[in-house]
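Inside the fold
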Amino acid sequence: QVQLVESGGGFMQAGGSLRLSCASAGRTFSHYTMGWFRQAPGKEREFVAAIGWSSVNTYYTDSVKGRFTISRDNAKSTVYLQMNSLKPEDTAVYYCAARNTWTIVVATDGYGSWGQGTQVTVSS
């Protein structure tokens, strides 16, 4: 288990950009696969993107491909989600999550540690 704290959410007009950050307090951050998920009101939490420990492997849900970029800085124990060309349907609470294996999965139950979430609101 690692402690995760997200930041960087906010209000943005459609077409704009935001960068989310997720800082970990654990000393073994580089051992974890990191993911971003989101949950809109009345909907289930859904996978957005994930990145392997070395940053070589990344994976995105289709709806964000070409617009969002996940990255990590193991020296800073931080994972990022750069969100460009935002759309109103991107509005949700965004969560980062950590998985203590080297494989990327999209299921929420594949991740054992979660942050508290940060709200992203995109207006049309």
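The structure reproduced in this document is the subject of the present report. Remember, predicted model here, so these are calculated numbers, not experimental data.

We now examine the pairing of strand β7 (residues 68-73). Residues of β7 alternate between two faces, with Phe68, Ile70 and Arg72 buried on one and Thr69, Ser71 and Asp73 left unburied on the opposite face. Strand direction decides the pairing type here: β7 and strand β8 (residues 78-83), joined by 6 bridges, are antiparallel. The partner of Phe68 across the bridge, within β8, is Met83. Between β7 and β8, which follow one another and run antiparallel, lie 4 residues, and Ser77 among them has a positive phi close to 50°.

Next up on the list: the side chain of Thr78. Checked against the element boundaries, Thr78 lands in strand β8. Look at Thr78 and you get buried, because its relative accessible area is 9%. In this structure Thr78 touches Ser21, Cys22, Ala23, Phe29, Ser71, Arg72 and Asp73, once residues within four positions along its chain are discounted.

The next subject is the sheet that holds strand β1 (residues 4-7). Read across the open sheet, the 4 strands follow the order β1-β3-β8-β7; overall the sheet is antiparallel. Among the strands making up the open sheet, the edge pair consists of β1 and β7. Within the sheet, the average angular offset between the axes of one strand and its neighbour, ignoring direction, is 15°.

Okay, the packing of aromatic side chains next. Under the defined criterion, the tally for this structure stands at 7 aromatic pairs. Taking the centre distance of 5.1 Å and the plane angle of 75° together, the rings of Phe37 and Tyr111 count as edge-to-face. Within this pair, whereas Phe37 is found in strand β4 (residues 33-39), its partner Tyr111 is found in the loop between β9 (92-99) and β10 (113-114), the two being separated by 74 residues in sequence. Accessibility assignment for this pair places Phe37 and Tyr111 in one class, buried. In textbook terms, an aromatic cluster arises when at least three aromatic residues are bridged by ring pairs, as seen for Phe37, Phe47, Tyr59, Tyr95, Tyr111 and Trp114. The ring of Tyr95 is capped by Arg45, whose NZ or CZ atom sits 3.7 Å from the centre of that ring. Over the face of the ring belonging to Trp114 we find Arg45, whose NZ or CZ atom lies 4.9 Å from the ring centre.

What counts, and where the lines are drawn
- Residues numbered from 1 in each chain as written.
- Predicted model: local features only at pLDDT ≥ 70, side-chain atom pairs only at ≥ 80, totals over all residues.
- Heavy atoms only, no water.
- Buried < 20%, exposed > 50% of the residue type's maximum accessible area, 1.4 Å probe, protein only.
- Helix = DSSP H or I, 4+ residues; strand = E, 2+ residues; numbered from the N terminus.
- Pairing = 2+ DSSP bridges.
- Contact = heavy atoms within 4.5 Å.
- Axes fitted to C-alpha atoms, helices over the stretch in contact; angles between N-to-C directions.
- Phe/Tyr/Trp six-rings, centres within 6.5 Å; stacked < 30°, edge-to-face > 60°.
- Lys NZ or Arg CZ within 6 Å of the ring centre and 35° of its normal.

Geometric values such as these leave the question of function open.
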